[in-house]
Structures are given as C-alpha cells and as structure tokens.
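# Reading the structure
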Amino acid sequence: MLSKSIQLLLSVTLLVLVAIACAPAAPTQAPAATTAPTQAAAPSVSTQSSATSAPTKAAVATTAPVAVPTQAAATPKRGGTVTIAYSQEPPTLNHYIGTTSAMWSINAMILEGLVTLDPDGNFIPNLAETLPTKENGGVSDDGKTITFKHRKGVKWSDGTAFTCDDVVFTWKAVMTKESGAASTVGWTDLDSITCPDADTTVAKFKNLYSPFLALFRNPIMPKSAGDPANMQKWPYNRKPIGTGPFQVQEWASADHITLVRNANYRDATAGKPYLDSIIVKFVPSVDVGLNLLKSGQVDVMWNLSEAVLPTVEKMPGIKFVSKASTSSERLVLNLADPKIDATPDPLNNPHPILGDLRVRQAMQLAINKQQIVDTLLFGKASVATSDVHAGWATCELKSSEFSLDKAKQLLTEAGWVPGTDSIRVSKGAKFVKDGTRLRLKYQTTSGDKLREDTQQLILDQLKQIGVEVYIENVPSDVLFGTWASGAVRRHGQFDIIQFSPNPDIADPHSHMYQYYDSAMMPTAANKGAGANYSRWVNKDADKAIEQAGGILDLKLRHDLYCQSAQLIANELPVIFLYNRSASSGYSERLQNYVGYNASNPDFGANAANWWLK
C-alpha cells in the first residue's frame, strides 16, 4: 500500500499530467530529446514491483508556498544568529557546476527556482505565482508549452528586479558548451524560452517533457552573473546573488560562510527572515560537530544518521529530527580503466578488475548489508536495493543475497585464485595478465565516522573471499568537485567510491538519466557533464529511462524506471548498501525548524521562518 503522503504526491502530479493528457493532440510516447534511443527492442528484463496502481485522487497545490512551522504557539522574534555545523565544504555555490548535498542545503537559504517542494515532497509554486495547469492556461494542449506567471515584485539580493530575462539567461548559460555545466538534463529538451512580458516565462519543449516541474525547480541565476563561457571563474560561484531570504556576506575557506539577511527578500515587510544571520561552520568530522552541538557552540548539526541517534538523545537541550529520504548509501564501481582520464569508451577500455561482472557479483555476495544496518545503524535503517525506493516510482526489488561460498566460486570462475597470503591473484582473468593481485582502492569523504566504519566492515568482509581493499579517503571537494578542479569521480580516477546522492522524490527522471544513461558519462568533450561515474553502458536501460522522460502515464513511467533499476541490479555499476534518513540535530532554542524535506537535501528551505527563543 502507498502511504498517504505518497498518494498525495501522486495526486498532485496526476492532476497536472491529466490536464495535459486531456488535450486531443498530445503525444503519448515522445522520447526525451536529450539522446534518441538507439535500439528498438523492448528491454529484456523482468520488473519486480508492487507499486503498480495508478493514482486515484486529484488534488493540486497551486497556491503560494506556506511555511509549515512545528512550533506555532509562540510569536516569532526577530534577530540573532544561528550556527550550523557542516562536515563537508562545497567546492562552489554555483548550482550548475557543483553537485554536492552540502551545496544544495546552503543554496536553499539563498537561491530559488520557479517551483519548489513542500515538506512532503509535493510541487508548490515558488518564484512562480501558481503551478501551471491546463485549467489556468499554464500548459498547452499538446503539453509542450509551459507558461509560468511570476510572483510580482520579486527582487534579487542586489536590489534589481527578477524578470523572465533571468530565466532565459539561466537556460542559455547552462547550454553554453564552454560553461562546463555539470548537467544539461532537461535544458537540452527546450526549444525556446520567451518573455511576453517581464513577469511571464514561456518555455517551449521540442517534445513532451514530463518532468518539466522538476526542471524549473532548479535555481534561477541573474543575468548579471557573468559571461556563460567563463562560468567556472565567476565571482558568483562563491558569492551568488539570489532571491532567497539570505545572502552570502563572507566565505572563509575551510572555516565558514556567513549568510546575512537579504534586505530585498519579498517577505521583508513581514519581518522575514527573522534571523539576522546564519553561520555555516565547516568542521573536520561529524564527531567534532556533535561536540560543538553538545557544548552549545553550534545550533544545528547537518547531515546526521541513525548511527548517532543514541548520542544525540543523551544531549540536554538538543532535538533530533529524522525523516524518510530518497537517499541511499552505495558503492560506485568504476567499470572503466582508471588510468585513462575520463574515457568515453569504457567497453574497449574496461577496468582491469571491475570490468568483469563476475567480480562485481562476487563482491556484492560477500557484503553482509544487514550486518552493516544492525551493527552501525542500530537496525533503524533498511537495506537498499535501488535508487527508486520512495515516491510514486518506488520499485520493490529483492535484497541481494549474502553468500561467501557463491562469491568465492564466482571469483574462481572469473580467473582469480587464492594466493599464498589468501588474497587472490589472476590466473586466466579476463582483463589482466596472470599474477595480478586482486587489490582495489576504496574512497569516500574524510571525516565521516559512519562511512569510515562502513568501509572497515566491508574491507573485512571482502577479505574473506580474497579481495584486498585499501582505504584512501579524501576531502569532499577532492571527491565531489568540478571537472575543472580535477575531481576524482568526474575524471574516473577511482576503483570504488562511496557516497549517497539524493534522487528527487517528486520526479526521479533527472537522477536516473544523469547517473545511468550512457550519454551522461563525464568526458573531456562534455567538460565533465553528467553523473554516470561508473561509465556503465546498457542500451536497454538508456531506452527505458529516455522513454520514461517523454510520456505522461505514471504507471508506464513507473514500470520503465523499474526496468532500468532491475538492469542496474543485474549488472551492478553500483552496489547499494542501506537507505539513509534525512536527519539533523538542533538546539531547542531554535524555533520553526523542520529539518530536511523528506525528498531533498535542502533542509534550509524553511530558513526564512527560523527564529530564536
């Protein structure tokens, strides 16, 4: 059974889509225009899903967003500073060249899109006045043209007016090849953006693009941000101009970012934001951040997990908020030769060890995921099986089997035999000469104890089947940075990396396309755009994902995403570990704090309503 919140989400999405679908000329199966499917055959996969029923209710939130305070009894007071501890420092605050969760959560206090999500993961208008529908004239009969009416009187933090020209600029900046945008998903499907007047944006897609609301959830940039061809070097990247409640006053690298009240915020006349300032304090580890929280030196600790719940529960004056999340911790396996910088041809340049599916299967068989959940997360998380485990696209895949015997058998079949010290060496392996040691580098972000503990467990588990793993963790900007900065995952210079992206609960398309479509491998030619870090190539998955982005029927879209999820489970470009919650700890003196939304990492989205008791 779907939960009430998911049913509501389905309902919201359905009404928008039904509005489009009522049009007589609407196409029903137009492929996304990003990359045309190259194979006509239907995906030869089985779908294991229980979420097959279509939504049955019709309701839509088309009015302006409303704050959802958790403590409404007291009258908000204006003034004061809140300090938030972050165990990661983002390499940039430019949404279009950065990809980290830390960046998202900080930007949520500064930048805004035309639409956003409410705490339950439903689309609601933001810089737009209403959600576009057929009934209000926002969606054309063929579903290809979307009209957004803007809120009146919105200004950027520098005092200039927000207009349709800024939306046009954002699109063109992302699409400028020299900009080095990390992703152009959805933007490439646009045929034009025009401005009938300053407060109206008309977006015309080349083909029907069903996740259009998710696309315009991305922040809008002011046309004054800079020359798109030089985007990697904009001063904006460290001091963005936004329409949100706060603006950047100072960024002291490796120490803090100071956000101060945006005097031009649209709700300034109502006294918002209530806080004078927010200090984003970078700390070397979660443990350091928790100590600062306990001592009262910080008011919020960002990005916690169930693993620290017993610790936080013992802290006087500290609350712990945890919500279901779309995020799941996983191992990303590099299927391409890591000695070649960002190869666009992984099939002819395979990883010498991980390029063999049998090795990847053996590794998954040897990892006891339930033990990780029970030992490190106190049994409060669930074993992960796919990226689509929340929202209307949820796919119920089987948890992977744990069997050391089967793992050992697979490695032997793959030409890896036990060596003198029990670590296996190659003898007839597919991609290496005989005598090569089965040794892999395993990386994640430094300073994250849960991840470090997880690494240690997995290291021990893999050793039992003769796989030697060594750990070499790095700061988040080294792992998650931009193409220009030489980030490890974008250049494909790794064996195994561990992290947890955040698929959008309202629409998984952007995530599935970016992370798994073969067109989305970061390469020199696309200046690192895309997030297919595994460099996985599967034409059936490409076809399923691309079809899902160009049709209206939610049931069919759900099935297509589940087909691709099953292919991922079969071929293992990633090994899913456990589903993460969206959790943080905060001081009782902080009021109206709602924590993360259940569907995204921008936990600061409600920051305009925060105040101190």
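All values reported here derive from a predicted model rather than from experimental measurement. (Residues numbered from 1 in each chain as written. Predicted model: local features only at pLDDT ≥ 70, side-chain atom pairs only at ≥ 80, totals over all residues. Heavy atoms only, no water.)

### Quick notes on the packing of aromatic side chains
This structure, assessed with the given rule, holds 15 aromatic pairs. Summarising the aromatic geometry, the rings of Tyr593 and Trp610 are spaced 5.3 Å apart at their centres and angled 50 degrees between planes, so their arrangement reads as tilted. Placement of the pair is Tyr593 in the loop between strand 18 (590-591) and strand 19 (611-612) and Trp610 in the loop between strand 18 and strand 19, with a sequence separation of 17 residues. Like Trp610, Tyr593 is buried. Ring pairs connect the aromatic residues Tyr96, Phe148, Trp187 and Phe216, which therefore count as one cluster. Note that Arg238 overlies the ring of Trp251, its terminal NZ or CZ placed 4.1 Å from the centroid. (Phe/Tyr/Trp six-rings, centres within 6.5 Å; stacked < 30°, edge-to-face > 60°. Helix = DSSP H or I, 4+ residues; strand = E, 2+ residues; numbered from the N terminus. Buried < 20%, exposed > 50% of the residue type's maximum accessible area, 1.4 Å probe, protein only. Lys NZ or Arg CZ within 6 Å of the ring centre and 35° of its normal.)

### Brief notes about the state of the cysteines
Under the criterion given, the structure shown has two disulfides. Covalent S-S linkage joins Cys164 and Cys195, the inter-sulfur distance amounting to 2.0 Å. Across the S-S bond linking Cys164 and Cys195, the dihedral sits near -75 degrees, which makes this disulfide left-handed. Residue Cys164 is located in helix 3 (residues 164-175), and its partner Cys195 is located in strand 5 (residues 190-197); the two are separated by 31 residues in the primary sequence. Of the residues examined, Cys164 reaches a relative accessible area of 0% and is grouped as buried. Residue Cys395 pairs covalently with Cys562 via a disulfide, S to S 2.0 Å. One quick way to see it: the torsion about the S-S bond of Cys395 and Cys562 is about -95 degrees, and its sign makes the bridge left-handed. Within this pair, whereas Cys395 is found in the loop between helix 8 (369-376) and helix 9 (404-413), its partner Cys562 is found in helix 15 (residues 554-571), the two being separated by 167 residues in sequence. Each member of the pair Cys395 and Cys562 is classed as buried. (Disulfide = S-S within 2.5 Å.)

### Describing helix 3
Given a rise of 1.5 Å per residue, twelve residues ought to cover 16 Å, and the 17 Å separating the end C-alpha atoms of helix 3 matches this to within 8%. In terms of burial, helix 3 is a largely internal element, nine of the twelve residues being buried. Within the sequence span of helix 3, burial applies to Cys164, Asp166, Val167, Val168, Phe169, Thr170, Trp171, Ala173 and Val174. Among the structural elements, strand 5 and strand 6 (200-205) are those in contact with the buried residues of helix 3. (Expected span 1.5 Å × (residues − 1). Contact = heavy atoms within 4.5 Å.)

### Some words on the sheet that holds strand 6
Taken together, the three strands give an open sheet; going across it, the order is 4-6-5, and neighbouring strands pair in antiparallel fashion. Every other strand in the sheet has two partners, leaving strand 4 (145-149) and strand 5 as the edge strands with one partner each. When the angles between neighbouring strand axes are averaged without regard to direction, this sheet yields 20 degrees. Note that strand 4 and strand 6 share five bridges and pair antiparallel. Directly across from Phe148, in strand 6, lies its bridge partner Thr201. Strands strand 5 and strand 6 of the sheet are contacted by helix 3, whose axis makes an angle of about 165 degrees with strand 5. (Pairing = 2+ DSSP bridges. Axes fitted to C-alpha atoms, helices over the stretch in contact; angles between N-to-C directions.)

### Regarding the pairing of strand 9 (residues 277-282)
Every other side chain in a regular strand lies on the same face of the sheet, so the side chains alternate between the two faces. Relative to strand 9, strand 1 (residues 81-86) runs parallel, the two being bridged by six bridges. By the bridge assignment, Val82 is partnered in strand 9 with Ile278.

### Details of the pattern of salt bridges
Under the definition given, this model contains 19 salt bridges. Close ionic contact of Glu112 with Arg266 constitutes a salt bridge, the shortest N to O distance being 2.6 Å. Of this pair, Glu112 sits in the loop between helix 2 (101-107) and strand 2 (115-117) while Arg266 sits in the loop between strand 8 (256-261) and strand 9, and the two are 154 residues apart along the sequence. The network of salt bridges with shared partners includes Asp421, Arg437, Arg439 and Glu468. (Salt bridge = Lys/Arg side-chain N within 4 Å of Asp/Glu carboxyl O.)

### Quick notes on the confidence of the model for the chain
Confidence along the chain averages 86 in pLDDT terms, with 87% of residues attaining 70 or more. For residues 1-72, every residue scores under 50 in pLDDT, and the model assigns this stretch 151 contacts once sequence neighbours within four places are set aside. (pLDDT = per-residue confidence, 0-100.)

### Focus: the packing of helix 8 against helix 10 (residues 449-463)
When two helices pack together, you describe them by how their axes are tilted relative to each other and by the distance separating the axes. Two elements in contact, helix 8 and helix 10, have axes whose closest approach is 11 Å; the angle formed by their N-to-C orientations is 140 degrees. The orientation of helix 8 relative to helix 10 falls into the category oblique. Handedness of the helix 8/helix 10 crossing: right-handed. Touching Gln371, Ile372, Thr375 and Leu376 of helix 8 are Leu450, Asp453, Thr454, Leu457, Ile458 and Gln461, all from helix 10. Its residues assigned to classes, the contact of helix 8 with helix 10 comprises five nonpolar, four polar and one charged. (Parallel < 35°, antiparallel > 145°, perpendicular 65-115°, else oblique. Left-handed = near helix turned anticlockwise from the far one by under 90°. Nonpolar A, V, L, I, M, F, W, Y, C, P; charged D, E, K, R; others polar.)

### Points about helix 13 (residues 509-516)
Counting buried positions over the eight residues of helix 13 gives seven, a clear majority of the element. Within helix 13 the residues assigned to the buried category are His509, His511, Met512, Tyr513, Gln514, Tyr515 and Tyr516. In this structure, the buried residues of helix 13 make contact with strand 11 (318-333), strand 16 (496-499), helix 14 (539-548), helix 15 and strand 17 (574-587).

### Structural notes on the environment of Leu459
With respect to the helices and strands, the residue Leu459 is situated in helix 10. Apart from the residues within four sequence positions on either side, Leu459 is in contact with Val469 and Ile471.

### Comments concerning the sheet that holds strand 8
The strands making up a sheet associate through hydrogen bonds between their backbones, and the pairing can be parallel or antiparallel. Here ten strands make up an open sheet; going across it, the order is 7-8-9-1-10-17-11-16-14-15 and the pairing mixed. Each of the sheet's edge strands pairs with one partner strand only, and the pair in question is strand 7 (246-252) and strand 15 (468-471). Each strand axis lies, on average, 20 degrees off the axis of its neighbour in the sheet, ignoring direction. Where strand 11 and strand 16 come together, four bridges link them in antiparallel fashion.

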